[in-house]
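# Secondary and tertiary structure notes
Next come the chains, spelled out residue by residue.
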Amino acid sequence: MKASNGTPLTDMANAIRALSMDAVQAANSGHPGMPMGMADVATVLWSRHLKFDPAAPAWADRDRFVLSAGHGSMLLYSLLHLTGFEDMTLDQIKRFRQLGSITAGHPEYGHTPGVEATTGPLGQGISMAVGMALAERMLNARFGDELVDHRTWVIASDGDLQEGVSHEAISLAGHLGLNRLCVLWDDNEISIDGPTELSESTDVLKRFEAAGWAVSRIDGHDLAAIDAAIEAAKTSDQPVLIACKTTIGYGAPTKAGKASSHGAPLGDEEIAGARKALSWEHGPFEIPDPVVEAWRTAGAPDEHVAWTERLAASDKADAFVAQLSGEPGQGELTALEAWRQKVAEDKPALATRAASGKALEAIIGEWPALAGGSADLAGSNLTKTPDVGVVKAGDYAGQYIHFGVREHGMAACANGMSLHGGFRPHVATFLVFADYCRPSIRLSALMGQPVVYVMTHDSIGLGEDGPTHQPVETLASLRAMPNVEVIRPADALETAEAWEMALKRLEGPTILALSRQKVPHLRDDNGRDNRSERGAYILADTDRTPDVVLIGTGTETALAVDAAAALKAEGIEARVVSAPCLERFQAQDAAYRAQVVPAGIPCVAVEAALRFGWDGIIGREGAFVGMTGFGASAPAEALYDHFGITAKAVADAARGLLKS
């Protein structure tokens, strides 16, 4: 099999092998085995089937390629260099894994043009690819084949398929019939510890078949078989798994087929032997011109030009571009502001999860890009609005997705939808189950993806379900994660403001921590300004310099208000600060922080969670009314009394600080 200039595809594949083993050797770090083993598969895919334009890495209708086996990053970097991605120079290949290069140890989205997703944590790439494939179908349902008609391709390892998140995502992809998704499994039977038979005996093809996938098995070094399998995948009415039987470290004379080629440089002697075995008579980082020329004919720039012309002629062009931007337009902003002011006028006393549901109901009709769902908790999370359409196999026009009990897969899928573009995903579960979502939340933050995580039942206030479901430590742990904003609104108005903050934020994920129990309306303003926007603000102030500052979040803010009233009756002036988002408050300038929480004035914070993370606001000498351990099973009111999270306890803490 040859390229258009007569260069054998085996030579093109060997260029990948050579660059990979040379770069890993130069870095004295990395994984040469997978790129050498999957070079033939990648060559056939990229040179004969993948729709992309190296000159336009962000072309909206390009195929998505996800290297789920991110440890083999030199496979992808070699492909980007060989096909002519401008930023992926030979110098960058030589600086593999070095500070300041774009060739990081694992592929990083936003760091390297052509990298579609940050991968490396196994199972995440294939799971995000499900979200990409779903977004493609949903966008196609809105804009048609002329603007949206592409595929999602994945190279996955044994480890990817062993990770639990991949099981969740695979099941969802089969259920939704995502036939534009094809996974090329590097079936090399090797893991870090040795042969995969040490820990794995699953019939992977039967597992995929049971999940509703079409499957096939091929020799991953037979170019014609690879080509035929990929061609067949493009006609499938199901998602496709192609098991590619490969030899890890292909060409290495003593390490091929062994774990020793997986995660360490091959060594000079082994590389020399591989060059001889592969008939690669070129020095380190040297690629002969005919091979480069063959690679530079890959891609589909002509299809990009034709697509650009179709977009320009389409009456849907403006809507398409706007939806891809991810930014709220004037209609969306108007809907958010109108809802905020309506809540301020109506002053409803609602659980913040119920207020969240009503906010979604008010804005989703004006926000076609807003799409998401729940992990089988629609009736509890209240993210399914009455008139929203449901996404189903063969019918992708809706805005609500039933993810089933698949929290981790759901969160990874949301990342994929966000990365694909065209949708602002929101996903929901109980706050305690953020731990099931955590690796995907971390990737949302690392990749700067504005996924909205709606996490309800946010404290002991959920009551009788008990300590297994009461997330006492979860708020602190999520606040500790860089580039994550956790918003815990105190009432319906702050909940409306929280949604506005989340949907305006484009640089990272937002977690809405919402209550099961009803809360009173606390604000008396007209709602024209989003007072939560700076993270914390003065909810109720004193006529003079306050004696003490009481700070609350979420459902406990009302306790601070009641405590301030009790203290005022004794002549103690207490300022009440509502702090729905500690991260955003701490990011404000020093003058604003001092205006809200002045230095030298005693502080009491109240939150039905652990104190961890609060000392940066209240100081080590500040008082904290909250949890010190796990919760218990009882009605919410009894639990608040039992654990001493009451207005009286807040007032007593304030008195204690003033006496000392």
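Coordinates for the structure precede this section.
Overview of the structure. None of the values given here were measured: they were computed from a predicted structure.

Parameters and conventions
Residues numbered from 1 in each chain as written. Predicted model: local features only at pLDDT ≥ 70, side-chain atom pairs only at ≥ 80, totals over all residues. Heavy atoms only, no water. Salt bridge = Lys/Arg side-chain N within 4 Å of Asp/Glu carboxyl O. Helix = DSSP H or I, 4+ residues; strand = E, 2+ residues; numbered from the N terminus. Expected span 1.5 Å × (residues − 1). Bend = angle between axes of the 7 residues up to and from the residue. Buried < 20%, exposed > 50% of the residue type's maximum accessible area, 1.4 Å probe, protein only. Contact = heavy atoms within 4.5 Å. Pairing = 2+ DSSP bridges. Axes fitted to C-alpha atoms, helices over the stretch in contact; angles between N-to-C directions. Parallel < 35°, antiparallel > 145°, perpendicular 65-115°, else oblique. Left-handed = near helix turned anticlockwise from the far one by under 90°. Nonpolar A, V, L, I, M, F, W, Y, C, P; charged D, E, K, R; others polar.

### Thoughts on the pattern of salt bridges
Following the criterion strictly, the structure yields 35 salt bridges and no others. A salt bridge links Lys 234 to Glu 231; the nearest nitrogen and oxygen atoms lie 3.7 Å apart. Salt-bridge contacts for Lys 504 lead to Glu 500; the nearest nitrogen and oxygen are separated by 3.0 Å. Pair noted here: Lys 504 and Glu 500 are both in helix H20 (residues 492–504), with a separation of four residues, about one helical turn. Among the ionic contacts, a cluster of salt bridges with common partners joins Glu 136, Arg 137, Asp 149 and Arg 180.

### Here's the deal with helix H18 (residues 434–447)
Here H18 contains 14 residues, and its C-alpha end-to-end distance of 18 Å stays within 8% of the 20 Å for a straight helix at 1.5 Å per residue. The axis of H18 is deflected most strongly, by about 40°, at Ser 440. Among the residues making up H18, those that are buried are Ala 434, Cys 437, Ser 440, Ile 441, Leu 443, Ser 444, Ala 445 and Met 447. On the buried face of H18, the contacting elements are helix H5 (124–143), helix H17 (407–420), strand S11 (424–430), strand S12 (452–456), helix H19 (474–479) and strand S14 (510–513). Positive phi shows up at Gly 448, right after H18, with a value of about 70°.

### Side note on the side chain of Ser 236
One can find Ser 236 in the loop between helix H9 (223–233) and strand S7 (240–245). Among the residues examined, Ser 236 registers a relative accessible area of 13% and is labelled buried. Residues contacting Ser 236, with those up to four places away along its chain left out, are Asn 179 and Ala 214.

### Quick word on the sheet that holds S12
Spatially, S10-S9-S11-S12-S14-S13 is the arrangement adopted by the six strands of the open sheet, whose pairing is parallel. Two strands bound the open sheet, and with one partner strand each, they are strand S10 (400–402) and strand S13 (485–487). Put simply, the sheet's adjacent strands are angled 20° from each other on average, direction ignored. One ladder, built from three bridges, connects S13 with S14; its direction is parallel. The residue of S14 that forms the bridge with Glu 485 is Thr 510.

### Overview of the packing of helix H14 (residues 330–346) against H20
Between H14 and H20, the least distance of the axes is 8 Å, while the angle of their chain directions is 165°. Taken together, the axes of H14 and H20 are roughly antiparallel relative to one another. The crossing of H14 and H20 is left-handed. Contacts between H14 and H20 involve Leu 333, Leu 336, Glu 337, Trp 339, Arg 340, Val 343 and Ala 344 from the first element and Ala 492, Leu 493, Ala 496, Glu 497, Glu 500, Leu 503 and Lys 504 from the second. Taken together, the residues of the contact of H14 with H20 break down into nine nonpolar, no polar and five charged.

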